[in-house]
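What follows is the residue order along each chain.
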Amino acid sequence: MVELYILLILMIIGSVVALEVKDLLSSVVALGAVGLGLCLTFLVLKAPDVAITQLVVEILSIIILIRATLKKGLPMVATGGWAFPSVIGVGFGVVLLLVAIQCFPDLPKFGEPMLRVSQHYLDQGLKQTGATNLVTSVILDFRAFDTLGEVTVLFAAALGVLAVVRTRGRKKLEQAGAIADE
Amino acid sequence: MSKERTPGMSVIVKTVTRLTAWLIMLYGINIVLHGHVSPGGGFAGGVIIALSFIHLILAYGKEMVLKKLSEGLVEVFESTGALVFLGIALLGTTAGFFFKNFLPAGEPFHLFSAGTIPLSYIAISLKVWAGLFAIFVALVLLRIDKEQG
């Protein structure tokens, strides 16, 4: 599990770089490094389905972010001092660490104990659905209703984006200015 | 940008895109169709298919791609995917309950196995690539709209 901790530390460093660097494009690149680290983490944890999905969605979001930030000289907003935010951040971190020290020993170990329903999936998944990929048999047979909800979420997201940024039915800038002048 | 102000990127990028875009799309279709025997599945494969179209848009400019595949057509694809998935779920009620796997399970490790799962994956991939492609096109159009204004 050493490689898992190396990946997690790299991801933390990448997120700090993405927050602190002055150039927006460099920030997006650092964010992509964090996403690739997350993909490798899923591979280390033996979840190839999630790793593939994380990789391709990361690439898509990085393309959209780079296209959004590439040509614009968006200024960095840096107002106010640094002392107060630093104190707030360190204090929040200390509180979170104290709570975590109290809570985490009570959590069960990773992967244990196996839930009864998981054991049922492992035993009966191939027999009942015929799908060799057990993840598939869970998300499209045993838990297909959740997948329907996920598809609905994506549908609503696409509808929302198309409704907000539509070109049809929107007033031209001159017209809007004329209306504002009246 | 070249000097003649042709839309899209340079000749090198266009040639490489012409050679690779369909390979990316075939890989996405492969992942979708083998979702029930190997890792991957409808969502990941659908995103890869959307990435092949986005690849074309980035290299050739949006006019060339939207001429072949308009936004309205993409929306039709997206709605079709969602309705087919819901239809498979509703067909399950005829055999018992919602989302019942009413087709025979077949032999493991074969392409035609696992009942309705590959059909659902095809529907989901249709919906995912159309939805993500529509979102990308909408964001690109918005950016150009703001530059003109």
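**Some details on the interface of chain B and chain A**
Here is step 1 of the chain: In this complex, chain B contributes 46 residues to the contact, which on the side of chain A involves 33 residues.
Here is step 2 of the chain: Mapped onto the side of chain B that touches chain A, the elements with two or more residues apiece are α2 (42–60), α4 (71–95) and α5 (117–148) of chain B.
Here is step 3 of the chain: The element that contributes the greatest number of residues to the side of chain B that touches chain A is α5(B), accounting for 18 residues.
Here is step 4 of the chain: A per-class count over the side of chain B that touches chain A returns 30 nonpolar, 12 polar and 4 charged.

**Considerations on helix α4 (residues 83–103) of chain A**
An α-helix turns once every 3.6 residues. As a result, residues three or four positions apart point the same way.
Here is step 1 of the chain: Taking 1.5 Å as the rise per residue, α4(A) with 21 residues should run 30 Å; its terminal C-alpha atoms sit 30 Å apart, in good agreement.
Here is step 2 of the chain: Along α4(A), only 0 of the 21 residues are buried, which leaves the element largely exposed.

**Focus on the confidence of the model for chain B**
Residue and element names in this part refer to chain B.
Here is step 1 of the chain: Across chain B, pLDDT averages 80, with 90% of residues at or above 70.
Here is step 2 of the chain: The least confident element of chain B is α5, whose mean pLDDT is 78; the most confident is helix α1 (residues 11–33), at 89.
Here is step 3 of the chain: For this predicted complex, the interface confidence reaches an ipTM of 0.79, while the overall pTM sits at 0.80.

**Observations concerning helix α5 (residues 116–129) of chain A**
Residues and elements named next belong to chain A.
Here is step 1 of the chain: Between its first and last C-alpha atoms α5 spans 19 Å; for 14 residues at 1.5 Å apiece the expected length is 20 Å, and the two agree.
Here is step 2 of the chain: Helix geometry: α5 is bent most strongly at Asp 123, by close to 45 degrees.
Here is step 3 of the chain: Of all the residues in α5, the buried ones are Tyr 121, Gly 125 and Thr 129.
Here is step 4 of the chain: Among the residues trailing α5, Gly 130 stands out with phi positive, at a value near 80 degrees.

The rules we used
Residues numbered from 1 in each chain as written. Chains lettered and ligands numbered in written order. Predicted model: local features only at pLDDT ≥ 70, side-chain atom pairs only at ≥ 80, totals over all residues. Contact = placed C-beta atoms within 7 Å. Helix = DSSP H or I, 4+ residues; strand = E, 2+ residues; numbered from the N terminus. Nonpolar A, V, L, I, M, F, W, Y, C, P; charged D, E, K, R; others polar. Expected span 1.5 Å × (residues − 1). Buried ≥ 20, exposed ≤ 12 C-beta atoms within 10 Å, placed from the backbone. pLDDT = per-residue confidence, 0-100. Bend = angle between axes of the 7 residues up to and from the residue.

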